[in-house]
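# Chain and residue survey
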Amino acid sequence: MKSFYTIACLFFLFILSSCEDVIEMDMQTGKQSLVVEGWLTNKAEAQFVKLYFTGATSDQSFKMLSNATLTLSDNQGHTEILPETAPGKYQISALKSVKGRIYTLKIESTVGNYQAVAEVKRISMPLDSLTFKYQEKSAIYSESGYYPRSHGQEYGGIGDFCQIRLYKNGKYLNHTNDFNLSDDEFVDGNYIANTELSVEKPFQKNDLAKAEIWSLTKDAYLFWTDIRAQLQNGQMFGRPLSNTRTNLVKANATAMDVVGYFGASLVQHVERKVE
C-alpha cells in the first residue's frame, strides 16, 4: 500500500509548485524516524508489516529496514515469527484477526526495539448493499458519474468506529478524497441507508465496485482521521503538518523515533456492478 506518511508533504509541495510565482525554500532534512506500516485482518490473502525510514520531502523512495526480528502473538497463546520476504517486508502467515483478541507486535532491530498492541473490535455496521446515484458535474460534484451509497444496520452499543474502503474494478481507491470514516455517536442502533461515500472520481457504467467495511478501535480511528486531515490540508494557510498518532512505543531508551501504526480489524464486503 502506498505510504501515507509522506503523501501529505508531497501533496503540499505540489500545491506550492502550482502557484504562478516560483518560491524557493531552504528546507532542512529533519530528524529521521522509523516507519512501521501493517494491518492484521481476517481476509484470505497475504498480509505484511513494512519497516522503512522517513526521508526528505523531495524523496519519493524510502530506505527499507532489513534483518529485523518481528514477533506477532495474541492473548490466546499463539505466536509466529514473521519472515522477511523482501527488503523491509515481513509476512504474516499463520495468524488472522479474531473478534475480541488482542495482538502484540514486537520488533527487534539495529535501530531499536519497539512494541504495538492492537485489539480486534466487532464490525458494528455490516453492509448489506451498495447502490449508486448518477450526478451531473456541478459545484458539488467535480465530475459526472455514479456516486456510491452504502446501506447497513448499526448494532446497538455506543463506541463503535469503522472505515469503508472502496475498490473500482479490483483497484483500491486511496486518493485524497477516498477516505470514509465513521463512528456511531449519533446513529447508534439505527439502520443507516443511503450514506453517500466520498470518492475522488465517480464510478461509471459497467464498473465493478466493492466496498469493504473495517472495524476500528478508537485509536485506529483517530490515526486515520489524522491521515485524512493531513491529506486534505492543501490550503496555503492550512495548519502545519505533523506526525500522525501511533500505537508504536519504544522498548529501549536508545531506539530511533518511530511513527506509523500496526492495527487489527475484521473486514466484510459487498460488491455491485454499476448499471
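Our subject is the structure listed above.
Since this is a predicted model, take the numbers as computed values, not measurements.

### Remarks on the pairing of strand E11 (residues 161-168)
Among the eight residues in E11, eight count as buried, and that is most of the element. Judged by which residues are buried, E11 turns out to be covered on both faces: Phe161, Gln163, Arg165 and Tyr167 on one side and Cys162, Ile164, Leu166 and Lys168 on the other are all buried. In terms of strand pairing, E11 meets strand E13 (residues 181-183) through three bridges, oriented antiparallel. Considered in E13, the bridge of Gln163 is made with Leu181. In the sheet, E11 pairs with strand E15 (residues 208-216) via eight bridges, with the strands oriented antiparallel. Note on E15: the bridge partner recorded for Lys168 is Ala209. Pairing geometry for E11 and strand E12 (residues 171-172), over two bridges, is antiparallel. Residue pairing for E12: Tyr167 is matched across the bridge by Tyr172. Connecting E11 to the next strand, E12, in antiparallel fashion are two residues, including Asn169 with a positive phi near 50°.

### Looking at the pattern of salt bridges
If you walk through the whole model with that rule in mind, you get 10 salt bridges. The partner of Arg122 in a salt bridge is Asp160, and the shortest N-O contact between them spans 2.7 Å. One end of the pair, Arg122, is in the loop between strand E8 (112-119) and strand E9 (127-135); the other, Asp160, is in the loop between strand E10 (145-153) and E11, with 38 residues separating them in the sequence. Judged by relative accessible area, which is 26%, Arg122 ranks as partly exposed. For Arg149, the salt bridge identified is with Glu196, shortest N-O distance 3.3 Å. Of the two residues, Arg149 sits in strand E10 while Glu196 sits in strand E14 (residues 191-196), which places them 47 residues apart along the sequence. Connected through shared salt-bridge partners, Lys43, Glu45, Lys210 and Glu212 make up one network.

### A short note on the sheet that holds strand E2 (residues 47-53)
Strand order in the open sheet formed by five strands is E5-E6-E2-E1-E17, with mixed pairing between adjacent strands. With partners counted over all chains shown, the strands left at the sheet margins are strand E5 (84-86) and strand E17 (258-264), one partner each. Each strand of the sheet is rotated relative to its neighbour by a mean of 25°, with strand direction disregarded. Bridging between strand E1 (residues 34-40) and E17 involves seven bridges; their strand directions are parallel. Counted as the bridge partner of Gly38 is Phe262 from E17.

### Let's talk about the packing of aromatic side chains
In total, this model carries 12 aromatic pairs according to the counting rule given. For the ring pair Trp39 and Trp214, a centre distance of 6.5 Å and an interplane angle of 70° mean the geometry is edge-to-face. One end of the pair, Trp39, is in strand E1; the other, Trp214, is in strand E15, and 175 residues separate them in sequence. Both residues of the pair, Trp39 and Trp214, belong to the buried class. Ring centres 5.1 Å apart and planes at 65° place the aromatic pair Phe223 and Trp224 in the edge-to-face group.

### Here we look at the sheet that holds E8
Read from one edge of the open sheet, five strands run E4-E3-E7-E8-E16, paired in antiparallel fashion. Here the strands that pair on one side only, and so sit at the sheet edges, are strand E4 (79-82) and strand E16 (248-250). Ignoring which end each strand starts from, the neighbouring axes of this sheet average 20° apart. Bridging between strand E7 (residues 102-109) and E8 involves eight bridges; their strand directions are antiparallel. Across the sheet, residue Tyr103 finds its bridge partner in E8, namely Ala118.

Reading the values: rules and limits
- Residues numbered from 1 in each chain as written.
- Predicted model: local features only at pLDDT ≥ 70, side-chain atom pairs only at ≥ 80, totals over all residues.
- Heavy atoms only, no water.
- Buried < 20%, exposed > 50% of the residue type's maximum accessible area, 1.4 Å probe, protein only.
- Helix = DSSP H or I, 4+ residues; strand = E, 2+ residues; numbered from the N terminus.
- Pairing = 2+ DSSP bridges.
- Salt bridge = Lys/Arg side-chain N within 4 Å of Asp/Glu carboxyl O.
- Axes fitted to C-alpha atoms, helices over the stretch in contact; angles between N-to-C directions.
- Phe/Tyr/Trp six-rings, centres within 6.5 Å; stacked < 30°, edge-to-face > 60°.

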